[in-house]
Amino acid sequence: MDFLFSYIALAEIYVLLSLSTNLLVGIAGIFSVSQAAVFGVGAYIVAWFLMNNVLGFVPAFLIAAAGCVVLNILLTLPALRVSGDYFVVTSFGIQLLATAVFTNWTTGTGGANGLPGIPPPDLFGKALESTGQIVTLCSAAMVLSCVAFWLVMRAPFGRMLRAIREDELAVAAAGKNVLRAKVSAAALAGAFAGIAGGLYATFLSFVDPTSFDLDASILMLTMVVVGGARTLTGSIIGPFLLLALPQILTLIEIPTTIAAAARQLLYGVLLIAFMLFRPQGLAGEKL
Amino acid sequence: MNRLIRCAVAVLAICLTFGGVAQAETIRLGAILPLTGPGALIGTQQMRGIQFAIDQVNAKGGVNGNKIEVLFEDNQAKPDQSILSFNKLVDLQKVPMIFSAYSGPTLAMAPLATRKKVLLINAGAQADKLATASPYLINTLPTIGDEVSVISKYVVGEGKKRAAILFENDAAGIAGRDDYLKAFPAAGGTILAQEPTQFGQTDFRPALLKLADSKPDVMLVSITAGLQQMAQQYKQLGLKFMVAGTTFFQDPSVVADPAAQGFVHTQVRIDAPPALAAAFKQKYGVDMEFFVRQYYNATEIVVAVLDKLTAEKKPITGESMRDTLLAIRKFNGLIPLEFKSNTATVKLDINVMKDGKDVTIKQLSNE
Amino acid sequence: MLAVQLLVNGFVTGCALGVVAISFSLIYATTKIFHVAHAGIYTLAGYLAWTFVSHGVPDIAALLLAIALGALGGAAIQQFLYAPLERRKATHLVVLIASLGLLAVMQNIIAAVYSANILQFPVPWGSRMVAAGSIRLTWTQLLTAVLSLAAYAGTMWFAHRTILGKRIRAVASNPFLAEITRLQPQAVYIYVLAIASAIVCLPGVLVPLDLGLQPYGGITPLLTATIAMIAGGVGSISGAFALSVLIAELQNLSLLVIPGEWSIGITFFIFVIFMLFRPTGLFTKAR
């Protein structure tokens, strides 16, 4: 059961990250490969507070979320000054800079060794130690976030974001504050990423820079695109499918010496096939 | 059609009867290693070490008639993938024991190992935290601190008191660097400078140049990959200071390379019959490098434990394996060692690379 | 003298990086595709050359063969992956993910065939030294610098003096008009991919000759080269080359003043700041 639970917990955390990436990239149109950096900051903040016994889980969690909101706003401000393609590389640069900080700032993040022994999350004084309890917590967080996402998309704010995606000039001409809408989307995306970080740190009880690197950002993007961009369903399907894929691939018998490389290869082939034959993902709108 | 079905059923029945009886239980073990991605360079060595040992055991009929199978999972050196793989191997495949590598993933799995009473065997990572991470974590190689203090004392004893440190900017390299910073001054020397390199990055020239600029007597090295490239660039730059390191140095291609002439290092004593190295080379086309040997040795230990358990007809669980391992205590495989705690004590020598061979010049132990 | 030696080494590294940058720039400026799989061609070239040399093929022939095969590979990627995607009107993000998938496929095929170990070129003349005063260089380093500069000069000549080069620049500056005036952009794209892939095979072979072959190491130089390309101004060959040398020098010389673990971080930090204030790059041509 633990295997199933750990898979579900991880998938749910990635759903939160997908919602975050979806908001930023799919809906607000800000191409970002630095979401893993924000995710990492959320995780490290919660880890630090819990390990040094400064705050309980819930307050640490909220601070992490708030911190990531601010961080995401700061990070996406350049996007608004720099046109699409250039921001891609800026975003790469931000992510790589973040990895450098995570790896080298030993006092804050434990450096390359990471932070082991993070206490489990506690709600109202009771620690959630079993995988089953953690899954319940993650599920609750996921459901709440999905509801929030859905409500936002149906609200006038969500409709404005969609309109901006269709025709930014028209929206601006209609007197709406495009900048504020995009920044708000980035803020919400930051919140989702921060929450995901807090859950991740307490679920694994260990964080290190390798979980928050460029590969992780690219995985998040892939989940959004394969699951389907700009839709709620897509953000849920994407993580569950992509996390299951490597496990499914292990069911295929391949000689040990090349098994791992062969599976990564298959994964790459699947990505290519998806992009060629179903670019809108499983449940998305055409990006 | 009826006749065909009856035939098929008969054949099936025969197979089931004789198949079931003739086969003893296959013992399934797990291994969670970085098999793709940048860590693959090390993970592949580790996998080969395990597989080679298992193949040899199975060729001789297994352990008291039981064949052993190792299920390899690729964690790409990431902690979250490790947790997934751990739970999969334990929940679905019910393995009692898992080979692990890299400090990060091992530390992430340690609490799970304690809770589920699964034996974790680490033969590659040397971070100090591993010594106390879990009662179910066994480290078959000493933490790097021991080797570092031995080589530091030796180097200072040779009159080289001013040192510069070259280290890999990751958990393994930094652990070594931190230990050098403590041990070398404790032995009477001074550290003049230190420079990091990225794991997998084989351009050592800037770091070597910067260290050379501080004019050290000796360079203390804490890297796990790219040693041969470093040796070559050291020679190309015409550097003359002594180069010292730990067992990581013992990479056959480095030993054979004239650029590494004069490199000194601690060496965990290894009893490797040349026939073994030759057989390995024949199968995989490369020499038995450092991590191959570590994991081959760890597998030998596991096989010895399983041998005792099956001979005494005891159940094979994480708990019984761990208790038996600690009870047997002394193992004389490829790398003779003793378990006075969760972490092995080994005999250390000081070796120097000379004319394509690694020559022992001093014998000690890491007490 | 430390600084001078670092300067010289940085120049060599920068030249190799520069060739990667100009080849990537050629592709990006013309096709607007973020061709990450370029790192795959770069890696493949080294392994192909190694295979040839290990089987007794003379060194120069091995290099030329690798370049030829690289060109073919690049053309094939355009023909069989990017062109179909373009026909289906795939967005930038979809193409990027397809390219990432292809990179994963290429890297893992190489890892499966050659294993993940660092391989050395069996070429004895490569590490012979050349000394000028207190500056020491290997033959390989010297060759890398010389050939890279030659490649730069060749590319400049090609772009400005040949018909095909001018055609490529025309397509790059205005694909719509190019289509109408029957410059056949699609055919041009194939030429561009072929030529750029051929060019990148040069450092693809020379750098591993110096530093050893690894399957997963191609993405870092590619990212740095991309930064050089953008900072130098997209479409400017000289800009890409010059910035590559500048970045390599920055990373080397920064060792004199800051601790080594931050040299990469500083590069990206400076880049991000740069993007905020001069996003169009240093050498952009008026568009």
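Everything numeric in this text was worked out from a predicted model, so none of it was measured.

1. Topic: the overall build of chain A
When helices and strands are tallied, chain A shows 12 helices and four strands. Against the compact-globule benchmark of 19 Å for 287 residues, chain A has a radius of gyration of 19 Å, which places it among compact chains. Judged by the C-alpha coordinates and their principal axes, chain A covers about 55 × 50 × 35 Å.

2. Some words on the overall build of chain C
Check the secondary structure of chain C and you find 11 helices and two strands. Element order for chain C, N to C, with α for helix and β for strand: α-α-α-α-β-β-α-α-α-α-α-α-α. Against the 2.2 N^0.38 benchmark of 19 Å for 287 residues, chain C shows a C-alpha radius of gyration of 19 Å, consistent with a compact globule. In terms of overall dimensions, chain C has a C-alpha envelope of 60 × 50 × 35 Å along the principal axes. For chain C, the residues scored as buried account for 58% of the 287 residues in total. Sequence-distant contacts, at least 24 apart, represent 78% of the contacts inside chain C between residues at least 6 apart.

3. Observations regarding the sheet that holds strand β13 (residues 344–346) of chain B
Remark on secondary structure: sheet strands pair via backbone hydrogen bonds, oriented parallel or antiparallel. All names here are of chain B. A sheet is described by the order of its strands in space; here three strands give the open sequence β11-β12-β13, paired in antiparallel fashion. At either end of the open sheet lies a strand with only one pairing partner, and these are β11 (330–331) and β13. Bridge count for strand β12 (residues 337–339) against β13 is three bridges, and the pairing is antiparallel. Counted as the bridge partner of L337 is V346 from β13.

4. A look at the sheet that holds strand β1 (residues 27–33) of chain B
Residues and elements named next belong to chain B. Strand order in this open sheet of five strands is β2-β1-β3-β4-β5, and the pairing throughout is parallel. Because the sheet does not close on itself, it has two edges, and the strands there are β2 (68–74) and β5 (137–139). Averaged over all pairs of adjacent strands, the angle between strand axes in this sheet comes to 25°, irrespective of strand direction. The sheet contact formed by β1 and β2 spans seven bridges and is parallel. Its bridge partner being in β2, I32 is matched across the sheet by E73. Helix-sheet contacts for helix α11 (residues 290–311) involve β1, β3 (97–100) and β4 (119–122), and the interaxial angle to β3 is about 170°.

5. Let's talk about the interface of chain C and chain B
Of the residues lining the interface, 25 residues belong to chain C; the matching set on chain B comes to 27 residues. Elements with a contribution of two residues or more to the side of chain C that touches chain B: α1 (2–31), α4 (92–114) and β2 (135–138) of chain C. When residues of the side of chain C that touches chain B are assigned to their parent elements, the largest contribution, five residues, is made by α1 of chain C. Taken together, the residues that form the side of chain C that touches chain B break down as nine nonpolar, 14 polar and two charged.

6. Quick notes on the interface of chain A and chain C
On the chain C side, the residues contacting the 33 residues of chain A number 35 residues. Contributing elements (two or more residues each) for the side of chain A that touches chain C: α3 (57–81), α4 (84–104), α10 (214–227) and α12 (256–277) of chain A. In terms of residue class, the side of chain A that touches chain C is built from 26 nonpolar, six polar and one charged.

7. A short note on the pairing of β1 of chain B
All names here are of chain B. Counting buried positions along β1 yields six of seven residues, so the element is predominantly enclosed. Note that β1 and β3 share three bridges and pair parallel. What sits directly across from G30, in β3, is I98.

8. Some details on the pairing of strand β15 (residues 357–363) of chain B
Residue and element names in this part refer to chain B. Summarising the sheet, strand β14 (residues 348–354) and β15 pair through six bridges and their orientation is antiparallel. Within β15, the position partnered with V352 by the bridge is V359. The antiparallel pairing of β14 with β15 creates a hairpin that spans two residues between the two strands, and D355 there sits at a positive phi of about 50°.

9. Regarding the confidence of the model for chain C
Chain-level statistics for chain C give a pLDDT mean of 88 and a share of 97% at 70 or above. Scored by ipTM, the complex comes to 0.86, with pTM at 0.86.

10. A look at unusual backbone geometry
The phi torsion at N64 of chain B lies on the positive side, around 50°, for a residue other than glycine. Even without being glycine, S115 of chain C reaches a positive phi, approximately 70°. The residue S115 of chain C is located in the loop between α4 and β1 (129–132) in this model.

11. Quick look at helix α2 (residues 35–51) of chain A
All names here are of chain A. Between the first and last C-alpha of α2 there are 24 Å, a value that for 17 residues agrees with the 24 Å anticipated at 1.5 Å per step. A large share of α2 lies buried, amounting to 16 of its 17 residues. Positioned one or two residues after α2, N53 has a phi angle of 55°, which is positive.

12. With respect to helix α11 (residues 232–249) of chain A
Residue and element names in this part refer to chain A. With 18 residues, α11 should reach 26 Å at 1.5 Å per residue; the first-to-last C-alpha distance of 26 Å fits that figure. Listed as buried for α11 are G234, S235, I236, I237, G238, P239, L242 and L243. Buried residues along α11 sit against α1 (2–27) and α10.

13. Topic: the packing of helix α9 (residues 219–232) of chain C against helix α10 (residues 237–253) of chain C
Residue and element names in this part refer to chain C. Running from N to C, α9 and α10 point in directions that differ by 125°, and their axes come no closer than 7 Å. Considered as vectors, α9 and α10 are oriented oblique to each other. The hand of the α9/α10 crossing is right-handed. Contacts from T224, A225, I227, A228, M229, A231 and G232 of α9 reach α10 at G239, A240, A242, L243, S244 and I247. Counted by class, the contact of α9 with α10 contains nine nonpolar, four polar and no charged residues.

14. Considering the environment of S25 of chain C
Residues and elements named next belong to chain C. The topology assignment puts S25 in helix α1. In this structure the C-alpha to C-alpha distance between S25 and P259, which are 234 residues apart in sequence, comes to 32 Å. Sequence-distant contacts of S25, defined by excluding residues within four places in its chain, comprise M229, V234, I237 and A240.

15. As for the packing of α11 of chain A against α12 of chain A
Residue and element names in this part refer to chain A. Between α11 and α12, the least distance of the axes is 10 Å, while the angle of their chain directions is 135°. In terms of their interaxial angle, α11 and α12 are classed as oblique. Taken as a pair, α11 and α12 cross one another with a handedness that is right-handed. Contact residues: L245, P246 and L249 in α11; R263, L266 and Y267 in α12.

16. Focus on the confidence of the model for chain A
Averaged over all residues, the pLDDT of chain A equals 86, while 98% of them reach at least 70. The lowest-confidence element of chain A is strand β3 (residues 126–127) of chain A, averaging 76 in pLDDT; the highest-confidence one is α2 of chain A, averaging 93.

17. Section: the environment of S235 of chain A
With respect to the secondary-structure elements, S235 of chain A resides in helix α11. If near-sequence neighbours (up to four positions away) are discounted, S235 of chain A is found in contact with V15, S18, L19, N22, V224 and G227 of chain A.

18. Here's the deal with the environment of A39 of chain C
Residue and element names in this part refer to chain C. Mapped onto the elements of the fold, A39 is located in helix α2 (residues 38–54). For A39, a count of 26 C-beta atoms within 10 Å translates into the label buried. The sequence separation of A39 and I27 amounts to 12 residues, and the corresponding C-alpha distance is 13 Å. Apart from the residues lying within four places of it in its own chain, the contact partners of A39 are L103, G218, I219 and L222.

Analysis parameters
Residues numbered from 1 in each chain as written. Chains lettered and ligands numbered in written order. Predicted model: local features only at pLDDT ≥ 70, side-chain atom pairs only at ≥ 80, totals over all residues. Helix = DSSP H or I, 4+ residues; strand = E, 2+ residues; numbered from the N terminus. Rg over C-alpha atoms; globule rule 2.2 N^0.38 Å. Buried ≥ 20, exposed ≤ 12 C-beta atoms within 10 Å, placed from the backbone. Contact = placed C-beta atoms within 7 Å. Pairing = 2+ DSSP bridges. Axes fitted to C-alpha atoms, helices over the stretch in contact; angles between N-to-C directions. Nonpolar A, V, L, I, M, F, W, Y, C, P; charged D, E, K, R; others polar. pLDDT = per-residue confidence, 0-100. Expected span 1.5 Å × (residues − 1). Parallel < 35°, antiparallel > 145°, perpendicular 65-115°, else oblique. Left-handed = near helix turned anticlockwise from the far one by under 90°.

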